[in-house]
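Residue-level structural notes
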Amino acid sequence: MAVFTVANGGGNINAGATYVGGVAPTSADTIDFTATSGQLTVNIGFAIAGIDFTNYTDTLTMTTALTVNGNLTLVSAMTITGSAGLIIGATSTVTSNGKVFPNNVNFGGASIITFADAFECSGLLTVQAATGLTFNGANCSMGGLSVLANVTAGTSDFYIKSGTISGAGRIRNNIFFDTTTTVTISGTVSTDKNITYVTGSVTTTGSTLNIGNTIMSLDVNSVTWNNITTGVGGAGGVITLVSNLNCTGTFTNQNSTTFNGSTFNIGGSISTSTNGVCSGTTLFNINGTGTWSGTAAIKNNLTINTAGTITVSGSVSYSTGTLTYTAGTVTTTGSTLTIAASTTLNTSGITWNAITFTTNNSTITLLSDLVSIGSIIHANSGVITFNGFNFYIGGSITLSNHRVFNGTTKIIFNTSTSQTINVDNAYAGGIRNDLDINATGTVNIAWLSYGGGTLNYIAGTVIFSSYKTLAIVSSCTLNNVSGINWHNIAVANATVTLASDLICNGTFSVVIGASSIFNGNTLYLGGNITISSNSVSALTGTTNIIYNGTGTWTAAGAIKNNLTVNTSGTLTISGNVYYSTGTLTYTTGTVTVTSSTLNILGSSILSSTGINWNNVIIKTGTITLNSLLNINGTLTLASSSNVVFTGTSGFTVANLLCNTAGRTLTIKSSLTYTVNSSLILTGASGSKITITSNTTSSAFFNLNPAATQSVTNTNATWIDSSGGITIQSSLGTLSNTINWSLGQGSWWTMFNNQN
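Remember, it's a predicted structure, so these values are computed and weren't measured experimentally.

1. Description of the side chain of Thr-522
With respect to the secondary-structure elements, Thr-522 resides in strand S66 (residues 522-525). Residue contacts for Thr-522: discarding those within four places in its chain leaves Leu-498, Asp-501, Leu-502, Thr-543, Asn-544 and Ile-546.

Right under this line is the structure:
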């Protein structure tokens, strides 16, 4: 490679006479100048290995493009005329010495360009290197930028002074808009580095800014972008907004990107692709007209504050931040809002369509009422806590597989059409918030698991389908629910306060847990009664229960509420049923007791004339009979403590059995107690059974003449059995008895003992 010096006379770049020695350089040579070198004209397309204008004070005339495949050194004293540009075709160090190149510069086949000092070209800077180009060193200013293919990179900052930015390649150098005129963004421009606005006008009409998966900052508050696409090429980008970012077109996020700082004003549409999750501290402010679409979540705070219309299209997702509605028209027809994590919503003014909650064990904080007319679905597992204001649901609601809504928010089911409540047919889930049914349409209840708040019926037609069950899963208040004829009701270990009557036309069941408590008003049961809990207090409380339908009473545990049978139908008592503590009353209706046993577990009041019980077992306590107790089978005193009969009436039983040694049976004086078929009282020699009046006046205890008896080790006191056959006891003590006899060994003593 030789060095060719331009002679004092100068000339055309390809003429031998132009150079000292009279020979023109080839593309393998370099050109330099002295202080007395003459004018040089690039008269044809010409390529050299390098050019150094140091000491040059004359004029370079650019008639045609000059290709420099090496270093380029300009000098401030030189003059450049003509309109042709430079082509830097190889790795080069460019030194400007303060000289502005007035035309276009094209970086073609180079791989690394090093700016030894600040370089400026007034024309368009074009990058078309096929394998990408690295710009290092000082800053580069230009009158436009076109990156035709691949990428730029390096440490040099690009200052755009004027012209147009365009090209399919990606810019990975910092960009500064620093113009006294106008910079135009044309087509799609891609960058991975910082962009800063300094001064001037930037036009973006019809353009798209593509930002890759990079860490970068934007300080461009005075630029109004058209379209912006982020997350291009992959996930993991972090964009820091030093000032507000303004977009009037479509914002698209293709892959997970974090936005931090300031506000992102979106004046058009917003789209988050499948993987395009947005997160960070930046406030997204939708302030124009457009469409919100895309299934990936927005996690930034998001405000809708527009004079235009925002259309929510398809499924969109929001989570983590605060979603706020301030102003504007929001159309949600056919859409679904998916809430994917704990979120704050302040969207009164928006009527959402469907809302799906895919989060679990999260909190939704309402800063204003939440309104939906579509389907509400809890699609994940666990508990979602709603706190604050009201949640209006005008569509269906579905919770399943132990999923729970709870919190301080009141849920108001206000459908104007025909919608379904299907809330968890397992007793671990359900709605625990206050719940109002206030509909102008029809509410179809397939299954409603409820507890924890107040269930209040205000208006609407309520019908039942599918499982047809109200499952009460925790303590709650039921208010004004007498306007609903519930089908099935199941209660699981809860305290239920009835602020109004409760009507169940299907099966009423106590399913699990130690006990359930009903307090207040009246519970009307029109179907089956099923007590699955085996607790001695399975159902208790102050609520009066009135049976007024047709069905079967089966039980493993006891009812302690007052219970009245007042029906035009038939109540069938099946197997063992249990009652305790309250008042059991018969008013009217058919009661079938075949093969059943009524177990009285504690002090109770019975007023059941009209029911001929099959078997009755009394465990303990005081039994108050306010009407005659009729038993076609056996009355068994199987108590672990003494039994007292009191009230206004006695009993008539087929069989009376007590095999519990040491027990005392107290019956009321002046009342009559009759045994028609068999009497078996079996005490022990050291622990005798005692039958006694409650006063020092006789009670009437008669054994039918056709009855059999086996009475051993039994005492009797103030008992008059003169209305039947003599009752014979062995090894007992008789005091003030009539028609009793006492025998010992192989003989009997018959007597009347009266005082």
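2. Side note on the sheet that holds strand S10 (residues 79-82)
Here four strands make up an open sheet; going across it, the order is S2-S4-S7-S10 and the pairing parallel. The open sheet terminates on both sides in strands that have one partner only, identified here as strand S2 (11-12) and S10. As judged from the two bridges shared by S2 and strand S4 (residues 40-42), these two strands associate in the parallel manner. Along S4, the bridge assignment pairs Asn-12 with Thr-41.

3. Considerations on the pattern of salt bridges
Counting across every chain of the model gives four salt bridges. In this structure, Asp-192 engages Arg-172 in a salt bridge whose closest nitrogen and oxygen atoms are separated by 2.5 Å. Pair noted here: Asp-192 is in the loop between strand S26 (188-191) and strand S27 (195-203) and Arg-172 is in the loop between strand S24 (170-171) and strand S25 (175-185), with a separation of 20 residues, a long-range link. Under the relative-accessibility criterion, Arg-172 is labelled partly exposed at 36%. Linked by salt bridges that have partners in common, Arg-170, Arg-172 and Asp-192 make up one network.

4. With respect to the pairing of strand S18 (residues 133-137)
As judged from the four bridges shared by strand S15 (residues 112-115) and S18, these two strands associate in the parallel manner. In the sheet register, Thr-114 faces S18, and the bridge partner there is Asn-136. The pairing of S18 with strand S21 (residues 152-153) spans two bridges and is classified as parallel. Looking across to S21, one finds that Leu-133 is bridged to Thr-152.

5. Some remarks on unusual backbone geometry
One non-glycine residue, Asn-480, lies in positive phi territory at about 60°. Mapped onto the elements, Asn-480 comes out in the loop between strand S59 (476-479) and strand S60 (485-486). A positive phi angle, near 55°, is found at Asn-493, a position not held by glycine. Looking at Asn-493, the relative accessible area reads 43%, which means it is partly exposed.

6. Comments concerning the environment of Ser-372
Checked against the element boundaries, Ser-372 lands in strand S48 (residues 370-372). Residue classification places Ser-372 among the buried positions, given a relative accessible area of 1%. When the C-alpha atoms of Ser-372 and Leu-703 are compared, they prove to be 73 Å apart, with 331 residues separating the residues in sequence. At a separation of 3.3 Å, a polar atom in the side chain of Ser-372 contacts the main-chain amide nitrogen of Gly-374.

7. So, the nonpolar core
Phe-177, Trp-292, Trp-553, Phe-645 and Phe-701 are the most contacted members of the largest nonpolar core, which has 199 residues in total. Here the element with the most residues in this core is strand S57 (residues 435-450); it accounts for seven residues. Setting aside chain neighbours within four positions, we find Phe-177 in contact with Ile-160, Ile-165, Val-183, Ile-185, Ile-195, Thr-196, Tyr-197, Val-198, Thr-199, Val-202, Val-223 and Trp-225.

8. Considering the sheet that holds S21
Spatial ordering of the open sheet is given by S1-S3-S6-S9-S12-S15-S18-S21, a layout of eight strands whose pairing is parallel. The open sheet has two free edges, formed respectively by strand S1 (3-5) and S21, since each of these has just one partner strand. In this structure, strand S9 (residues 72-73) lies alongside strand S12 (residues 92-95), joined through two bridges in parallel fashion. Looking across to S12, one finds that Thr-73 is bridged to Thr-95.

9. Description of the environment of Lys-688
Note that Lys-688 resides in the loop between strand S84 (672-682) and strand S85 (689-693). The class of Lys-688 is partly exposed, set by a relative accessible area of 22%. A C-alpha to C-alpha distance of 98 Å links Lys-688 and Cys-247, two positions 441 residues apart in sequence. Apart from the residues lying within four places of it in its own chain, the contact partners of Lys-688 are Gly-662, Arg-663, Asn-713, Asn-715, Leu-731 and Gly-732. A polar contact is formed between the side chain of Lys-688 and the backbone oxygen of Ser-685, at a distance of 2.6 Å.

10. What to know about the confidence of the model for the protein chain
In the predicted model, the protein chain carries a mean pLDDT of 94, and 98% of its residues have values of at least 70. Scored below 50 in pLDDT, residues 744-755 shows 29 contacts in the model against residues more than four places distant or in partner chains.

11. With respect to the pairing of S57
Among the 16 residues in S57, 13 count as buried, and that is most of the element. Sheet topology places strand S54 (residues 410-413) next to S57; three bridges connect them, and they run parallel. When the sheet's bridge partners are listed, Phe-413 is paired in S57 with Ile-437. Where strand S55 (residues 418-423) meets S57, six bridges bridge the pair, whose relative direction is parallel. Following the sheet pairing, Asn-422 is matched in S57 by Trp-447.

12. Regarding the side chain of Asn-488
On the secondary structure map, Asn-488 appears in strand S61 (residues 488-491). Engagement of the side chain of Asn-488 in a polar contact is seen with the backbone nitrogen of Thr-507, the distance being 2.8 Å.

13. Digging into the environment of Leu-731
With respect to the helices and strands, the residue Leu-731 is situated in the loop between strand S89 (727-730) and strand S90 (734-744). Distance from Leu-731 to Thr-620, taken between C-alpha atoms, is 25 Å for residues 111 residues apart in sequence.

The rules behind the values
- Residues numbered from 1 in each chain as written.
- Predicted model: local features only at pLDDT ≥ 70, side-chain atom pairs only at ≥ 80, totals over all residues.
- Heavy atoms only, no water.
- Helix = DSSP H or I, 4+ residues; strand = E, 2+ residues; numbered from the N terminus.
- Contact = heavy atoms within 4.5 Å.
- Pairing = 2+ DSSP bridges.
- Salt bridge = Lys/Arg side-chain N within 4 Å of Asp/Glu carboxyl O.
- Buried < 20%, exposed > 50% of the residue type's maximum accessible area, 1.4 Å probe, protein only.
- Polar contact = N/O pair within 3.5 Å; in protein donor to acceptor, adjacent residues only side chain to side chain.
- Core = buried A, V, L, I, M, F, W, Y, C linked by side-chain atoms within 4.5 Å.
- pLDDT = per-residue confidence, 0-100.

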